[in-house]
Amino acid sequence: MEDRVIEINFGPQHPSTHGVLRIKVKLDGEIIVDAQPVIGYLHRNAEKLAEMGSYPKGMIYIDRLDYVAALNMELGYVLAVENLMDVQVPERAQWIRMLMVELNREASHLIWLGTHGLDMGMLTPFFYCFRERERILRIFDEITGSRLLYNYFAIGGVYSDITPKAIEMIKAWTDDFGSKLEEIQSILGKSYIYVSRTKGVGVLTAEDILSYGVTGPMQRASGIKRDVRKNSPYLYYDRINFDVPSRTEGDVYARFLVRIEEMRQSIRIVKQVLDKLPQGDFYNKKYSKPMLVRLKTTGESYVPTESPKGEFGIHLIGDGSSIPYRVRIRSPSFANLSSIPTMLKGYKIADLTAAVSSIDPVFGEVDR
Amino acid sequence: MSDNILVTSLDEALKWGTGKSLWPFTFGLACCAIEMMSAMGSDYDWARFGSDIFRDSPRHSDLMIVSGTVTKKMAPRIRRLYDQMAFPKFVISMGACASAGGPYVRGYSVVDGVDQVVPVDVYVYGCPPRPEALIQALKMLQDRIVAGKVKH
Amino acid sequence: MIPVESESSTKNGMKVVYVAKENIFQYLKERKEEGFDTLLMISGVDYRDHLEVMYHLLSSSSGSRLIVKTKTNDEVDSVTSLWKGADWHERETWDLVGIKFKNHPNLKRILLAEGWNGHPLRKDYPMDKKQYVNLGDDGEDIVSYEKTEGY
């Protein structure tokens, strides 16, 4: 029977690898016997380069980790640096950060939803999602001047204030995005083909989740209700009402529902932040730009945050100079992706794209 | 009658046809791939310029958009994919990383420019370039193909 | 009970404990049974005169966190039998920092090409000495210092 097993390579170039993932798949007929991911095709030395420049300089590499949710990455880094240096941040800046991070979470989930639709053989959700995402990007463009990689959060605040025009744009977006989301969800969720291709596919049990260190929507789809925003709040998430969606099935369909529900919760958060946004400074005037480069510190700090993919954290170690001694990145996609062997074993080859895309891997973050 | 007949050489017609029906290769590397997807998405819709069908196989496509950082581990694979493409074939190097290494140029595992791996026709600057810039690059490439300035 | 060598905390109040490297497996096993069921990451730090391995633990029920550190010069015990996710983290630590993990099932490079010389996150890694990668006939990577033999 041994010689019936054939080995095929999936990637590194494949339309549904979401980047440069390669999986060595062993097949017995149509059944996956073993799947071993090979990563590292986008290893860009983020940790080494961040250890070669000053603290604010490291930001550009952190920005490019999870490039579809760059602000969430920046947030993890600035919180770690501010914690290490005891930098006080004005209240308005913190609220602006929350607003931007939630908007970026939406943008990231929309990319996921669109490409997940592509992987399942549906082109329509891709165009719907990109239309909605462009609206969010136009808001970012108005506030930060950039579409994808922002470098917007500074140590001690943010680089520019929110304009009244941007607030109008966000208000208009929150009013109407809910119904658009409903529409996109119904394209996939009401399709018999989609549901039958995703229900019961790529199941991870709660034990697998804990064993692999999987976090984020994948964890919550397998019945472990844990969200860093709720469990150890940072910024002002403790002053805001939102629910943490969770399911118990642990399959691709459950991840789809969890992410959609998370997007609804993000709209709720954005609405509340707009109501509570106080007046005041948007950065700490003690920290001017030239001064930031000379900041020195010692000690260490690990700050966890909830990125769209899961728990993102930066472990910073300072040695008293203006250059960080060690920047260690805890990237959620890396741990999530390592669960592939368990997730694919025993399923059919056609389920592979569904399962891989339900992880929502972003290779800037996996390979760093 | 003369309004309905177009006299041209076969060569000119071929160039015109090649330029106006470029089939890009679905090949995303990093951040720029997201902007490439935006360019093909609903708002920018670069199907308007005659290159709407993103092909998933190198054998079907004529245009490779290198969208993102080229690492040393990936570079030989990019060369292999380029070799698998059929003539005529063109390359757009999208963004700072693909053109010259970008912010990662000091790193140990990054190739400083995809032009060390495959010949490049058009470079696009920006980190990442906006979709408009990519569309401009496509138009530039098309114009050069139609004018016969691209050697392949 | 495995003794702790010293205790400290990070700036935001997370507990950091140092454990002797002989006891690290046993210590982590005890913590796992105690409720620290998630291993967030394993990382290595090069302090020039010694290396350190950090384990970030999280209890998914109570939400408490613990950072366990151990000093070493070359190798520590692998914890892949406790957490399956440790596999990739240990491979990455070997790849970039050069810490070996005893009893690891598949200790190969993960991010860099197989055959790469040196461990880049060591402080004495020569950044000016470039290495080039090419594909062999069998599809595996070949690393060399010669520019003509790769990209």
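Parameters at a glance
For every chain, the first residue of the written sequence is number 1, and numbering continues from 1 along that sequence. Labels follow written order: the first chain is A, the first ligand is 1, and so on. The predicted origin of the model limits local features to residues at a pLDDT of at least 70 and limits the giving and counting of side-chain atom pairs to 80 or more, whereas totals for whole chains, interfaces and linings rest on all residues. As a rule here, side-chain values cover all heavy atoms of the structure and leave hydrogens and water aside. Secondary structure elements are defined from DSSP: runs of H or I of at least 4 residues count as helices, runs of E of at least 2 residues count as strands, and each element is numbered from the N terminus. In this treatment the radius of gyration is a C-alpha quantity, and the globule benchmark scales as 2.2 Å times the residue count to the 0.38 power. Residues are treated as being in contact if the distance between any of their heavy atoms lies within 4.5 Å. Under the convention used here, a 1.4 Å probe and the Shrake-Rupley method define accessible areas, while residue burial counts only the protein chains that appear. Partly exposed describes any residue whose relative accessible area lies between the buried limit of under 20% and the exposed limit of over 50%, with all areas from a 1.4 Å probe on protein chains only and scaled to the type maximum. Between any two strands, pairing holds if DSSP finds at least two bridges. Axes, fitted as lines to C-alpha atoms, cover a helix only where it is in contact. Angles between the N-to-C directions of the axes lie from 0 to 180 degrees. An automatic or database domain assignment is the source of the domain bounds shown. Throughout, buried area stands for the accessible area (probe radius 1.4 Å) lost by two parts on being put together, summed over both. The term salt bridge refers to a pairing of a side-chain nitrogen on Lys or Arg with a carboxyl oxygen on Asp or Glu at a separation within 4 Å. Just so you know the grouping, Ala, Val, Leu, Ile, Met, Phe, Trp, Tyr, Cys and Pro go in nonpolar, Asp, Glu, Lys and Arg go in charged, and all remaining residues, Gly too, go in polar. Any two rings among Phe, Tyr and Trp, with Trp reduced to its six-membered ring, count as a pair given centres within 6.5 Å; such a pair is stacked if its planes are under 30 degrees apart, edge-to-face if over 60, and tilted if neither. Only when the NZ atom of a Lys or the CZ atom of an Arg is both within 6 Å of the ring centre and within 35 degrees of the ring normal do we say a charge sits over the ring. Roughly parallel means an angle under 35 degrees; roughly antiparallel, over 145; roughly perpendicular, 65 to 115; everything else is oblique. Crossing handedness is read from the near helix: turned anticlockwise from the far helix by less than a right angle, it gives a left-handed crossing, and turned clockwise, a right-handed one. For a helix, the expected span equals 1.5 Å multiplied by the number of residues minus one. Note on bend: at a given residue it equals the angle between the axes fitted to the 7 residues ending there and to the 7 starting there. Here, nonpolar core means buried Ala, Val, Leu, Ile, Met, Phe, Trp, Tyr and Cys residues that are tied together by side-chain atoms lying within 4.5 Å of each other. Two N or O atoms form a polar contact when they lie within 3.5 Å of each other; inside protein one atom must be a possible hydrogen donor and the other a possible acceptor, and for residues adjacent in sequence the pair counts only when both atoms belong to side chains.

With that settled, the discussion passes to the overall build of chain B. What chain B contains, in helices and strands, is 5 helices and 4 strands. The C-alpha atoms of chain B give a radius of gyration of 16 Å, which matches the 15 Å a tight globule of 152 residues would have. Along the first, second and third principal axes, the C-alpha set of chain B runs to 65 × 35 × 25 Å. Put simply, of all contacts in chain B between residues at least 6 apart along the chain, 78% involve residues at least 24 apart. Accessible surface, chain B as shown: approximately 6,500 Å² in total, 56% of it carbon and sulfur.

Attention now goes to the overall build of chain C. For chain C, the count of helices and strands is 2 helices and 9 strands. Along chain C, from the amino end to the carboxyl end, the secondary structure elements read β-β-α-β-β-β-β-α-β-β-β. The buried share of chain C, taken over its 151 residues, is 56%. When contacts within chain C are restricted to residue pairs at least 6 apart in sequence, long-range pairs at least 24 apart make up 43% of them. With the model as given, the accessible surface of chain C reaches about 6,800 Å², and the carbon-plus-sulfur share is 44%.

This brings us to the sheet that holds strand β4 (residues 122-124) of chain B. Residue and element names in this part refer to chain B. In spatial order, the strands read β1-β2-β3-β4; together these 4 strands make up an open sheet with parallel pairing. Only two strands of the sheet have a single neighbouring strand rather than two, namely β1 (24-25) and β4. Along the sheet face, helix α2 (residues 31-40) touches β2 (63-67) and β3 (90-94) and points at about 130° away from the line of β2.

All names here are of chain C. Each assigned domain of chain C is listed with its residue range as follows: domain 1 (6-107) and domain 2 (112-151). Once you take the C-alpha centre of each, domain 1 and domain 2 turn out to be 28 Å apart. Contact residues are listed per partner, giving 8 residues for domain 1 and 8 residues for domain 2. The largest per-residue losses of area from domain 1 upon contact with domain 2 belong to Asp 46, Asp 95 and Leu 96, which jointly make up 62% of the total buried on that side. Between the two partners, domain 1 and domain 2, sit 0 salt bridges. Taken together, the residues of the side of domain 1 that touches domain 2 sort by class into 4 nonpolar, 1 polar and 3 charged.

Now for the interface of chain C and chain A. Between chain C and chain A, the contact holds 42 residues from the first and 44 residues from the second. Of all residues in chain C, Lys11(C), Trp88(C) and Leu111(C) give up the largest surface area on contact with chain A, accounting jointly for 21% of the area buried on that side. The interface formed by chain C and chain A holds 6 salt bridges in total. With a closest N to O distance of 3.1 Å, Arg368(A) and Glu92(C) form a salt bridge.

With the rule as written, the count across this model stands at 18 aromatic pairs over all chains. The ring of Phe242(A) is capped by Lys230(A), whose NZ or CZ atom sits 4.2 Å from the centre of that ring. A cation over a ring is seen here: Lys73(B) above Tyr41(A), with NZ or CZ 5.0 Å from the ring centre.

The next thing to look at is the pattern of salt bridges. A full pass over the atoms with the stated rule returns 48 salt bridges over all chains. Across the salt bridge formed by Arg105(A) and Glu102(A), the nearest N and O atoms sit 3.2 Å from each other. Residue Arg105(A) and its partner Glu102(A) are located together in helix α4 (residues 91-119), separated by 3 residues, close to a single helical turn. Residue Glu102(A) is classed as buried on the basis of its relative accessible area, which comes to 0%. With a shortest N-O distance of 2.7 Å, Arg77(B) and Asp141(C) are connected by a salt bridge. Taken together, the positions of Arg77(B) in helix α3 (residues 75-84) and Asp141(C) in strand β9 (residues 141-144) put the pair across two chains. Residue Arg77(B) shares its accessibility class with Asp141(C), and that shared class is buried. Each member of the salt-bridge network shares a partner with another, and the members are Glu47(A), Glu51(A), Arg326(A), Arg328(A), Arg368(A), Glu92(C) and Lys123(C).

Our focus in this paragraph is the side chain of Ser43(C). Within the secondary structure, Ser43(C) sits in strand β3 (residues 38-46). Residue classification places Ser43(C) among the buried residues on the basis of a relative accessible area of 1%. Among residues more than four places away in sequence, those in contact with Ser43(C) are Arg326(A), Arg328(A), Glu52(C), Val53(C), Met54(C), His56(C) and Thr93(C).

All names here are of chain A. It is the contact of α4 with helix α6 (residues 164-189), at a shortest axis distance of 13 Å, that shows an interaxial angle of 25°. Classified by the interaxial angle, the pair formed by α4 and α6 is roughly parallel. Where α4 crosses over α6, the handedness of that crossing is left-handed. On the side of α4, the interface is formed by Leu 99, Leu 103, Glu 106, Leu 110, Leu 113 and Gly 117, while α6 contributes Ile 170, Trp 173, Phe 177, Ile 184 and Leu 188. In the contact of α4 with α6, the residues fall into 9 nonpolar, 1 polar and 1 charged.

All names here are of chain A. Between its first and last C-alpha atoms α6 spans 37 Å; for 26 residues at 1.5 Å apiece the expected length is 38 Å, and the two agree. The axis of α6 is deflected most strongly, by about 40°, at Phe 177. All buried positions along α6 are accounted for by Ala 166, Ile 167, Ile 170, Trp 173, Thr 174, Phe 177, Leu 181, Ile 184, Gln 185 and Leu 188. Those residues of α6 hidden inside the fold are in contact with α4, α5 (124-144), α7 (192-198) and α11 (252-276).

It is worth spelling out unusual backbone geometry at this point. Cis geometry is adopted by the peptide bond preceding Pro88(B), which originates at Phe87(B) and carries an omega value of -5°. Going from Cys127(B) to Pro128(B), the amide bond is cis rather than trans, its omega being -10°. Residue position: Pro128(B) is located in the loop between β4 and α5 (131-146). Positive phi, normally seen in glycine, also occurs at Asn45(A), with a value near 60°. Inspection of the secondary structure assignment puts Asn45(A) in the loop between β3 (31-38) and α1 (46-50). A positive phi angle, close to 60°, is found at Asp360(A), a residue other than glycine. Secondary-structure assignment places Asp360(A) in the loop between α15 (351-359) and α16 (363-367).

Looking now at the nonpolar core. Where a protein is soluble and globular, its nonpolar side chains tend to be buried together. By size, the foremost hydrophobic cluster in this structure holds 183 residues, and its most contacted members are Ile39(A), Tyr152(A), Met64(B), Tyr55(C) and Val68(C). Tallying contributions element by element places α4(A) first for this core, with 12 residues. Dropping the residues within four chain positions of it, Ile39(A) is found in contact with Leu21(A), Phe334(A), Leu337(A), Phe363(A), Val366(A), Asp367(A), Lys73(B), Trp88(C), Ile110(C) and Leu111(C). If you look at the next biggest cluster of nonpolar residues, it comprises 21 residues, including Phe54(B), Leu134(B), Ile135(B) and Ala137(B).

It is worth spelling out the interface of chain B and chain C at this point. Taken together, the contacts link 14 residues of chain B with 19 residues of chain C. When chain B packs against chain C, close to 1,400 Å² is buried across both sides, 60% of that on carbon and sulfur atoms. On the chain B side of the contact with chain C, Lys72(B), Lys73(B) and Tyr108(B) bury the most area, a combined 48% of that side's loss. Here chain B is connected to chain C by 1 salt bridge. Summed over the shared surface of chain B and chain C, the number is 2 residue pairs in polar contact (both at pLDDT 80 or more).

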